[in-house]
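Observations on the model geometry
Below are the chains, spelled out letter by letter.
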Amino acid sequence: MAELATIARPYAEALFRVAKAGSLSAWSDLVSEMAQVAANPDLQALAHNPSVSHDKLAEVFKAALKTSLSVEAANFISTLVANGRLTALPEIAAQFHELKNAQEGAADAYIVSAFELSGAPLKELVAALEKKFGRKLNPSVTVDNSLIGGVRVVVGDEVFDTSVRAKLQQLHVALAA
């Protein structure tokens with residue numbers, strides 16, 4: 001069986017081409033919402049149930065969305081359902097988001113902080129990180145008390161770790177060597 005990423009790629013690229021012709025940010029929000037609905041275990045069970053018709057599955061999926069759908073979005077969902085690819089929507093959304101970031105020259109930054117980070121300190125950190133990584137960043141912040149202090153930032157395959165925990169681990173390795 002083909003890899004999920006391989007299956008999702010043509011759908012993500014086609015959806016991205018349609019989104020570029022319209023409002024890319026609106027499509028991005030819709031694709032994220034569709035991915036969340038498709039990731040729901042109940043919907044996945046319904047999608048794998050052979051006694052549920054394609055029309056019924058598409059109808060249930062569309063009803064679960066909060067956003068009203070354009071003709072293109074409704075056709076996209078119908079195509080996914082007809083081809084048995086509705087459960088691939090989370091991967092399609094991830095690839096769509098990567099295409100959007102590449103178009104905008106941006107990247108997602110996953111910031112893990114030892115303490116709550118928002119407002120001006122977050123803006124200053126993001127500005128410094130954008131200078132370091134050389135591109136616009138879309139930050140996503142979570143809190144992990146085990147870091148003790150500092151932050152850990154992941155942008156693509158790059159990791160920037162200034163946490164106290166990481167420094168203590170480096171010190172431990174140096175002393176144990």
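Every value quoted in this text rests on a predicted model; they were computed, and no experiment measured them.

**Details of the pattern of salt bridges**
On inspection of all chains with the given rule, the structure shows 5 salt bridges. Notably, a salt bridge pairs lysine 56 with glutamate 59, separated by 3.8 Å at the nearest N-O pair. You can see lysine 56 and its partner glutamate 59 sitting in helix H4 (residues 54–64), 3 residues apart, about one turn around the helix. Residue classification places lysine 56 among the partly exposed positions, given a relative accessible area of 42%. Residue glutamate 104 is joined to lysine 100 by a salt bridge in which the shortest nitrogen-to-oxygen separation is 3.5 Å. Of this pair, glutamate 104 and lysine 100 both sit in helix H6 (residues 89–104), 4 residues apart, roughly one helical turn.

**Things to note about H6**
Between its first and last C-alpha atoms H6 spans 22 Å; for 16 residues at 1.5 Å apiece the expected length is 22 Å, and the two agree. Listed in full, the buried residues belonging to H6 are Leu89, Ile92, Ala93, Gln95, Phe96, Lys100 and Asn101. Contacts from the buried residues of H6 go to helix H1 (4–21), helix H2 (24–38), H4, helix H5 (71–82), strand E1 (106–113) and strand E2 (136–143). Looking one or two residues beyond H6, the residue adopting positive phi is glycine 105, at roughly 65 degrees.

**A word on the pairing of strand E4 (residues 158–161)**
Pairing of strand E3 (residues 151–155) with E4, which is carried by 4 bridges, proceeds in the antiparallel orientation. Pairing of valine 153 across the sheet is with phenylalanine 160, part of E4. In textbook terms, the turn of a hairpin is the stretch between consecutive antiparallel strands, and for E3 and E4 this stretch comprises 2 residues, one of which, glycine 156, has a positive phi near 65 degrees.

**Some thoughts on the sheet that holds E2**
The sheet built from 4 strands is open, its strands ordered E2-E1-E3-E4 with mixed pairing. Both outer strands of the open sheet, E2 and E4, are each paired with one neighbouring strand and no more. When the angles between neighbouring strand axes are averaged without regard to direction, this sheet yields 20 degrees. Here 8 bridges tie E1 to E2, and the two strands are oriented parallel to one another. Note on E2: the bridge partner recorded for serine 113 is valine 143. Sitting on the sheet, H6 touches E1 and E2, and the angle it makes with E1 is about 110 degrees.

**Quick notes on a nonpolar patch on the surface**
A cluster of nonpolar side chains, contributed by Ile148, Val164, Leu168, Leu171 and Leu175, occupies part of the molecular surface with about 470 Å² of accessible area. Of note, isoleucine 148 is situated in the loop between E2 and E3. In this structure isoleucine 148 comes out as partly exposed when scored by relative accessible area, which is 48%.

**Description of the side chain of glutamate 33**
With respect to the element layout, glutamate 33 can be found in helix H2. There is no salt bridge for the buried glutamate 33, and the closest opposite charge comes from lysine 66, which lies 6.3 Å off by N-O distance. Polar side-chain contacts of glutamate 33 include one of 2.4 Å to the side chain of threonine 67. With residues up to four places along the chain from it excluded, the contact list for glutamate 33 reads Leu65, Lys66 and Thr67.

Definitions and cut-offs
Residues numbered from 1 in each chain as written. Predicted model: local features only at pLDDT ≥ 70, side-chain atom pairs only at ≥ 80, totals over all residues. Heavy atoms only, no water. Salt bridge = Lys/Arg side-chain N within 4 Å of Asp/Glu carboxyl O. Helix = DSSP H or I, 4+ residues; strand = E, 2+ residues; numbered from the N terminus. Buried < 20%, exposed > 50% of the residue type's maximum accessible area, 1.4 Å probe, protein only. Expected span 1.5 Å × (residues − 1). Contact = heavy atoms within 4.5 Å. Pairing = 2+ DSSP bridges. Axes fitted to C-alpha atoms, helices over the stretch in contact; angles between N-to-C directions. Patch = residues over 30% accessible without salt bridge, like charges linked within 9 Å, V, L, I, M, F, W, Y side chains within 5 Å. Areas by Shrake-Rupley, 256 points an atom, 1.4 Å probe, with all protein chains shown as cover. Lys, Arg positive; Asp, Glu negative; His and termini not counted. Polar contact = N/O pair within 3.5 Å; in protein donor to acceptor, adjacent residues only side chain to side chain.

Distances and angles like these do not, on their own, reveal function.
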